[in-house]
Amino acid sequence: MVNVTKSNFLEQLRDLLVHLPTASFVSIDEEMTGISLPGSRNSRPNKVELPSERYTNLLKEVPERYAILQVGVAVFHKNPKYKDPSSPSGGGGGGGSPSRARASSTAAEEEQRLLANGGDSDAMEHAFMHREGALNQDELEDLTEREEDNEADRFMAFAEAAASGNLSVRRPGDTDAQAAARAAATAGIRMYEEEEEEEPPQPEYTSRIYNFYIFPNAWSDRELTLNPSTIKFLMENNMDFNKVFEEGVPFTTVKHAEVLKERYFRKHSNNEAKKNGDRTPTKKDRVTLTSTNDIAFVARVMANLREWIDSDDSNLHNLINGQEGTSLVLPPCNAFLRRCLYETIEAEYSGLLLERADLSPNAGPTARNQIRVIRLSPEERKRRENRLKVEEWEKLLLGNLGFTTVFQAISDVCNGKVLTKERIEGFLDGSFPSPSVPLDEGGNRRQIPLIVHNGLMDLMFLLTHCHDPSLPKNFEETKMQIRHYFPNVFDTKVMSTEYSDAQIKGGSTALGDLFDTMKYVDIGEKFLFPTISNQESGLFEGQAHEAAWDAYMTGSVFNALGKRILEGKNMLNLDLTFNSLLHESSDSLLREYLGMNMIYMHVSLYTIDLESTSGPAGLHDPLSCGLSIDTTFHVSGITTSVSTRDILQALMAGSEGEGDVILRELKYDVIWIDDTSFFVGTRREEGVALDDWSTLKLIAMHVRNKLHDGLGNVDILSLENYFKKENAAKDAGTGGFTKSIVSLATAPFQLLKRAMSSTSEQEPTSKKRRLN
């Protein structure tokens, strides 16, 4: 893990760009100056409000108001030393010795059989290669080296055995040569089997972690707002604010970055055209001197300049950087005379270079009013132009583009763009505006997933810093912007709460707790966390709430949870590894198994679906945890003494004796609205529901009967009817001219009903469908 500030940004940018193209996945995390609006901490969010309403009321203003201080980026690569225990040649990370020993033994027996039959050379070679094929590349190289080094020892052992008459490998009819070959082969196999040391287990992935400190530059329009509670929390977790304020890397929007880069390349394109004579010079009126003193001053300066050009006197020559020609500093003068000198010298000596004298590191106090004249050879001129061009580009990267370059590079690989070595080097020296190959030049490959944990805020903060300081008013547009930059996002919070088994769902799904849980929960093999390849000297492990370490934990949890979820699926005889699922499977399978593009929404009935981009704003995000719109109910009219325990006891009373297995397996979620009303949702253990209406009707009737029996005469409405009632009340209050967004909530319900009705007509009623 390495901390990235202005002092090492260019170096670490190169490192990141080099390693991004081969990544399996990338995870991010951020630390901000605030995560909630003033006053909102004192009131819990309304679980029932639609995501679009939550966005408008609470979420949108937060990333517009506050700023990012740290961005952690963790890049994960497939470990070439990892051995998948599920593969035939595996063995749990370096084990696998039983199967390898069997293969070696079988090949050795084949060699012995061939030797007994005369030792056909082609067949012997085939048997040797067959034996070698049981080994991986490292083992093969080690074995070959050992066999070459010890060949003489093997035959010496045979000679000693022959001399003593103890040739146990000799068979009737063997010649001495055949017996020697058999002895050598047997000795080699035994030597390999005796000397081979079992490799330690290896993790499936390695990682490189970058901790970017970012801070707006001095001329940025973005203000820095600090939330006292958040700042206190960050200080308690050792945030280095000096690094942020003094050395933070700047950022800008992608659009502004493109403008700055276009301006840079246009300038240098014009310089090339001017140098090659391809550009028509701009006609400009020259300065006319009228003062006698001014005319005399310019004449003296030009005379001295001509003398300097013609002279070999080394006292007049001042080496620049020891490599770039000689120079002469002209006497100080006002801006009017400096312009006259520029025009006169350029007209008479077009081969000379002119620049402000105060650009020199050893400039004197009057240098700002002086001109430096530089005389260069063609080679020196070219070298100097290249140096100045690179310095200008690096200044642009470090002073303006900054972290936006990182944001754009991650977005490029997430969108399948190709970053090549040539493009990366060309980008870093100012030859290319981007490290990625344009799509029209064949720059398209696999899309690399982005991993977050409870990452809605992280993604929206990135938009306000690198896309536009203001988020769209419409939540659907914001989701479209997120997918524009990051098409495939996985949220480990959603994976743990909705796609994992009961053991994971039942525990804490906070990031640090999940990370600790993965250390000890058995997932078929001991899970080894990814190694960190770029660990800074003196840093052994990060701490929670440091962006880079949280990004590392997020990626590690994604790996561990994914393997655990897949292990449960592979019990159904699916032959998938985690890496093949990630990079070789369809998007539909990734959504079904790992919840791709599903983002967690805190304290809500809903899970955010980034792929819902059509229809009324905010109404296509599904209910969370597998809840069904038809079997989630609003209950009101209860007494204040009723508790969650009372509700669950009423719902589960007599469940063991239910005749229908579906009713016996129902799980319940209780979401309180106030002291006298709540929502209750029903779901199956695995978060699936039956599609046929008869089952939905059965569940609805069951819940109503149980609640009436246990709680008395309470009002019970389905979620759909609850929204209709809310809409009617709001319409009555506005005279029917205005509809709340809630009034549109029934639209997707009807669409879903029609889709389910169509499915039930075409498929068997036992067909299961995931609703989340």
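Note: the structure precedes this text.
Residues numbered from 1 in each chain as written. Predicted model: local features only at pLDDT ≥ 70, side-chain atom pairs only at ≥ 80, totals over all residues. Heavy atoms only, no water.

1. A short note on the overall build of the protein
Note the threshold: Secondary structure elements are taken from DSSP: a helix is a run of H or I of four residues or more, a strand is a run of E of two residues or more, and numbering for both begins at the N terminus. In this scheme, a residue with accessible area under 20% of its type's maximum is buried, one over 50% is exposed, and one in between is partly exposed, where area comes from a 1.4 Å probe on protein chains only. In what follows, a contact means two residues having at least one pair of non-hydrogen atoms within 4.5 Å. Using a 1.4 Å probe, the Shrake-Rupley method yields the accessible areas, and only the shown protein chains count as cover for residues.
If you tally the helices and strands in the protein, you get 29 helices and 21 strands. Counting all 772 residues of the protein, 49% fall into the buried class. Taking contacts inside the protein between residues at least 6 apart in sequence as the whole, the part at least 24 apart equals 75%. Surface accessibility of the protein: about 38,300 Å² in total, with carbon and sulfur atoms responsible for 50%.

2. Digging into the nonpolar core
Here is the rule: Nonpolar core, defined: a set of buried Ala, Val, Leu, Ile, Met, Phe, Trp, Tyr and Cys residues in which side-chain atoms within 4.5 Å join the residues together.
In this structure, V26, V73, F212, F403, I410 and F486 are the most contacted members of the largest nonpolar core, which totals 65 residues. Of all the elements, helix α17 (residues 456-466) adds the most residues to this core, at eight residues. With residues up to four places along the chain from it excluded, the contact list for F403 reads F9, V71, F212, I214, V249, P250, F251, L462 and C466.

3. Looking at the pairing of strand β17 (residues 667-674)
Counted only if it meets this: Should DSSP find at least two bridges between two strands, the strands are taken to pair.
Where β17 lies against strand β18 (residues 677-683), seven bridges are found, and the strand directions are antiparallel. Bridging from a neighbouring strand, I671 pairs with F679 of β18.

4. Thoughts on helix α16 (residues 421-428)
When α16 is considered as a whole, its buried residues turn out to be R423, I424, G426, F427 and L428. G430 lies just past α16 and shows a positive phi near 85°.

5. Here we look at the packing of helix α1 (residues 9-19) against α16
Formally: Between the N-to-C directions of two axes lies an angle of 0 to 180 degrees, each axis being a line fitted to C-alpha atoms and, for a helix, fitted only over the stretch in contact. An angle below 35 degrees is read as roughly parallel, one above 145 as roughly antiparallel, one from 65 to 115 as roughly perpendicular, and any other as oblique. Should the near helix be turned anticlockwise from the far one by less than a right angle, the crossing is termed left-handed; should it be turned clockwise, right-handed. Only Asp, Glu, Lys and Arg are considered charged, only Ala, Val, Leu, Ile, Met, Phe, Trp, Tyr, Cys and Pro nonpolar, and every remaining residue, Gly among them, polar.
At a minimum axis separation of 10 Å, α1 and α16 run at an interaxial angle of 160°. Relative to α16, the element α1 is oriented roughly antiparallel. Considering the relative orientation of α1 and α16, their crossing is right-handed. In this structure, α1 uses L13, R14, L17 and V18 to contact α16, whose residues at the interface are I424, E425, F427 and L428. For the contact of α1 with α16, a count of residues per class yields six nonpolar, no polar and two charged.

6. A word on the sheet that holds β18
Read across the open sheet, the four strands follow the order β17-β18-β16-β20; overall the sheet is antiparallel. Looking along the sheet, the strands with just one partner apiece sit at the ends: β17 and β20 (715-718). The mean inter-strand angle of the sheet, taken between neighbouring strand axes irrespective of direction, is 25°. Along the sheet face, helix α25 (residues 644-652) touches β17 and β18 and points at about 145° away from the line of β17. Where helix α27 (residues 693-711) meets the sheet, its contacts fall on β16 (632-636), β17, β18 and β20, and the angle it forms with β18 comes to roughly 140°.

7. A word on unusual backbone geometry
With the exception of glycine, the majority of residues adopt a negative phi angle, and the majority of peptide bonds are in the trans configuration. The backbone of N454 sits at a positive phi, close to 50°, despite the residue not being glycine. Locating N454 in the fold gives a position in the loop between β11 (450-452) and α17. The backbone phi angle of V603 is positive, close to 50°, even though this residue is not glycine. Relative to the elements of secondary structure, V603 occurs in the loop between β14 (598-599) and β15 (608-609). Residue classification places V603 among the buried positions, given a relative accessible area of 8%.

8. What to know about the side chain of H453
The following threshold applies: N or O atoms within 3.5 Å of each other form a polar contact, as long as, within protein, one can give a hydrogen and the other can take it, and as long as residues adjacent in sequence are counted only when both atoms are side-chain atoms.
Here H453 is to be found in the loop between β11 and α17. With a relative accessible area of 11%, H453 lands in the buried category. A distance of 3.5 Å separates the side chain of H453 from the backbone nitrogen of L511, its partner in a polar contact. Non-local contacts of H453, meaning those with residues more than four positions away in its chain, are made with D458, D491, T492, K493, T509, A510, L511, L514 and T554.

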